[in-house]
Amino acid sequence: MIGIIGGTGLAALGEEPTLAADSADTPFGHASDLPRRFPGLPNAVFLNRHGEGHTVLPHRINYRANLWLMNELGVDAIVAVFAVGGIGRSLGDGDFVLPDQLVDYTWGREHTFAGPGNFLHVDFSEPFDARLRQTLAKSAGRIGLDLAGGVYGCTQGPRFETAAEIDRMERDGCTVVGMTAMPEAALSRELGLPYAGVCLVVNPAAGRGLVSLELADMQKVVADAQPTMRRLLVDFLQLVEQPV
């Protein structure tokens, strides 16, 4: 069973979903939304991290509740979808990126399940699972989609970054910038869930484009790319369902 976590880059996997849980309540509070299943995708559970109507901002997402709920539903791995800004000079709007590393610039988020009686120090050297990434790359090849590699820089939000901050992130080795990979990836690791992400570039990062960042322009890129994102994920789900 694969847990798909989407948001700006993917609001749903299809039509006529059914609820996968009766409640979004967890020991860590309320999850962003009720997870859903979709016809024809028996091995997938989908959760919108921004909630119904995209009402939960990145720094307000209850990442712990979201991951806890998915784990309680019995998912074996998580694939996350992100809308990002392109830092790498070769990236353009509508490009897809399969990150292999990340840099965390967030602060103040509830970022761990560790606490009294739950002493955790997880190895996070490789935040994105290699096998999941390989399968996603294989699916991309099967549908004729180019997937670039890269490093995801996760910022606090909800504001966009300054041009100087993006310059700093480029010096740090980041190739895309988003606001939701952390602590999502680390919490998945603490729960023992393999985790990988697919990024959709929806705008040039600050200082990289010729015009100011406009939400309407980003939404159009997302709308145009969502069918391709769904094709990628459906093919991926078919691959992981096949016996080894």
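Since the model is a prediction, treat every value here as computed from it, not as a measurement. (Residues numbered from 1 in each chain as written. Predicted model: local features only at pLDDT ≥ 70, side-chain atom pairs only at ≥ 80, totals over all residues. Heavy atoms only, no water.)

Peer 1: Talk me through the side chain of Asn43; I want residue IDs and the actual numbers.
Peer 2: Topologically, Asn43 is positioned in the loop between strand 5 (36–37) and strand 6 (44–48). Beyond its immediate chain neighbours, meaning those up to four positions away, Asn43 contacts Met1, Ile2, Leu237, Val240 and Glu241. (Helix = DSSP H or I, 4+ residues; strand = E, 2+ residues; numbered from the N terminus. Contact = heavy atoms within 4.5 Å.)

Peer 1: Would you mind going over the pattern of salt bridges in detail, with residue names and values included?
Peer 2: With the rule as written, the count across this model stands at 10 salt bridges. Between Glu110 and Arg64 there is a salt bridge, with the nearest N and O atoms lying 3.7 Å from each other. Placement of Glu110 in the loop between strand 8 (96–104) and helix 2 (130–142) and of Arg64 in helix 1 (residues 63–72) is noted, with a sequence separation of 46 residues between them. Classification of Arg64 as buried rests on a relative accessible area of 18%. In this structure, the salt-bridge partner of Arg208 is Glu170, at a minimum N-O distance of 2.8 Å. Here Arg208 is found in the loop between strand 11 (195–204) and helix 5 (215–241), whereas its partner Glu170 is found in helix 3 (residues 163–171), with 38 residues between them in sequence. Relative accessible area serves as the criterion here: at 30%, Glu170 is assigned to the partly exposed category. One salt-bridge network, held together by shared partners, links Arg89, Asp167, Glu170 and Arg208. (Salt bridge = Lys/Arg side-chain N within 4 Å of Asp/Glu carboxyl O. Buried < 20%, exposed > 50% of the residue type's maximum accessible area, 1.4 Å probe, protein only.)

Peer 1: Please give an account of the nonpolar core that cites residues and values.
Peer 2: In this structure, Ile4, Leu10, Leu13, Met229 and Leu233 are the most contacted members of the largest nonpolar core, which totals 32 residues. Mapped by element, the contributors of at least two residues to this core are strand 1 (2–6), strand 6, strand 7 (77–86), strand 8, helix 2, strand 11 and helix 5. It is helix 5 that contributes the most residues to this core, nine residues altogether. Once residues within four sequence positions are removed from consideration, Leu10 is found in contact with Ile4, Phe46, Val81, Gln226, Met229, Arg230 and Leu233. One finds Val97, Ala181, Ala186 and Leu187 within the second-largest nonpolar core, a separate group that totals 31 residues. (Core = buried A, V, L, I, M, F, W, Y, C linked by side-chain atoms within 4.5 Å.)

Peer 1: Account for helix 1, naming residues and giving values.
Peer 2: Counting buried residues along helix 1, seven of its 10 residues qualify, which places the element largely inside the surrounding structure. Within the span of helix 1, buried status applies to Tyr63, Arg64, Ala65, Asn66, Leu67, Leu69 and Met70. Elements in contact with the buried residues of helix 1: strand 1, strand 3 (25–26), strand 4 (29–30), strand 6, strand 7 and helix 4 (184–190). Of the residues flanking the end of helix 1, it is Gly74, one or two places downstream, whose phi is positive at about 90 degrees.

Peer 1: Quick one: what's the story with the packing of aromatic side chains, residue by residue and with numbers?
Peer 2: The final tally for this structure, using the stated rule, is six aromatic pairs. On the basis of an interplanar angle of 65 degrees and a centroid distance of 5.2 Å, the ring pair of Phe28 and Trp68 is categorised as edge-to-face. Placement of Phe28 in the loop between strand 3 and strand 4 and of Trp68 in helix 1 is noted, with a sequence separation of 40 residues between them. Of the residues examined, Phe28 reaches a relative accessible area of 24% and is grouped as partly exposed. Residue Trp68 is classed as partly exposed on the basis of its relative accessible area of 24%. Residues Phe28 and Phe113 carry aromatic rings whose centres are separated by 5.0 Å and whose planes lie at 65 degrees to one another, so their mutual orientation is edge-to-face. Residue Phe28 is found in the loop between strand 3 and strand 4, and its partner Phe113 is found in the loop between strand 8 and helix 2; the two are separated by 85 residues along the sequence. The exposure class assigned to Phe113 is buried, which follows from its relative accessible area of 7%. (Phe/Tyr/Trp six-rings, centres within 6.5 Å; stacked < 30°, edge-to-face > 60°.)

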